[in-house]
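# Architecture at a glance
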Amino acid sequence: SLSRAAHDAIGEKGIGFKSVFRLTDRPEVHSGGLHIRFDARASPIGAILPTWVPRGPQRALLEGAAREGLLPRPGTGAG
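Residues numbered from 1 in each chain as written. Predicted model: local features only at pLDDT ≥ 70, side-chain atom pairs only at ≥ 80, totals over all residues. Heavy atoms only, no water.

## Focus: the overall build of the chain
Cut-off, in case you're wondering: Numbering of helices and strands runs from the N terminus; a helix is a DSSP stretch of H or I covering at least four residues, while a strand is a stretch of E covering at least two. Buried, partly exposed and exposed residues are distinguished by accessible area as a fraction of the type maximum, computed with a 1.4 Å probe on protein chains only: under 20%, between the cut-offs, and over 50%, respectively. All accessibility values rest on the Shrake-Rupley procedure with a 1.4 Å probe; residue burial counts only the protein chains present in the view.
The number of helices and strands found in the chain is 3 helices and 3 strands. Considering the chain as a whole, with its 79 residues, one finds that 15% of them fall into the buried category. Surface accessibility of the chain: about 6600 Å² in total, with carbon and sulfur atoms responsible for 59%.

If you want it as structure tokens, here you go:
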């Protein structure tokens, strides 16, 4: 039987997130203070590991948009 924690979980083996790679080889996740990138081209063996997104123009633009209320706030259910 499935444990309660497994039963309440959503997704399975990252399949939903992996579908992002049909759109781009380098998706980024920006959430709160977390800024990471997954690069499908970085590893010749197929393992896709996260790397930190360095502070730069693109990250500054996202942070500015969040401060100005142009992006949904965490926990609002938007987005």
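## A few points about the pattern of salt bridges
We apply this condition: By salt bridge we mean one thing: a side-chain nitrogen of Lys or Arg within 4 Å of a carboxyl oxygen of Asp or Glu.
This model, assessed by the stated rule, comprises 3 salt bridges. Between E28 and R37 there is a salt bridge; the shortest N-O distance is 3.0 Å. With a closest N to O distance of 3.5 Å, R41 and D39 form a salt bridge. Residues participating in the shared-partner salt-bridge network are R26, D39 and R41.

## Quick look at the pairing of strand β2 (residues 34-38)
Selection criterion: In this scheme, strands are said to pair when DSSP sees at least two bridges between them.
The buried count for β2 comes to 4 of 5 residues, which makes it a mostly enclosed element. Direction of pairing for strand β1 (residues 28-31) relative to β2: antiparallel, over a ladder of 4 bridges. When the bridges of β2 are listed, S31 appears paired with L34. As consecutive antiparallel partners, β1 and β2 are separated by 2 residues, and within that stretch G32 has a phi angle of approximately 60°, a positive value.

## A short note on the sheet that holds β2
Cut-off, in case you're wondering: What counts as an axis is a line fitted to C-alpha atoms, over the stretch in contact for a helix, and the angles between N-to-C directions run from 0 to 180 degrees.
Strands sit in the order β1-β2-β3 across an open sheet of 3 strands; the sheet is antiparallel. Of all strands in the sheet, those with a lone pairing partner are β1 and β3 (50-52), marking the two edges. The sheet shows a mean angle of 30° between the axes of neighbouring strands, taken without regard to direction.

## Let's talk about the environment of A42
Locating A42 in the fold gives a position in the loop between β2 and β3. A residue is classified by how much of its surface remains accessible, and A42, at 60% relative accessible area, is exposed. Along the primary structure A42 and D25 are separated by 17 residues, whereas in three dimensions their C-alpha atoms are 9.6 Å apart.

## Points about the confidence of the model for the chain
This is how the line gets drawn: pLDDT runs from 0 to 100 and stands for how confident the predictor is about each residue.
Overall, the prediction assigns the chain a mean pLDDT of 73, with 70% of residues at 70 or greater. Mean pLDDT across the secondary structure elements of the chain bottoms out at helix α1 (residues 4-8), with 59, and peaks at β3, with 87.

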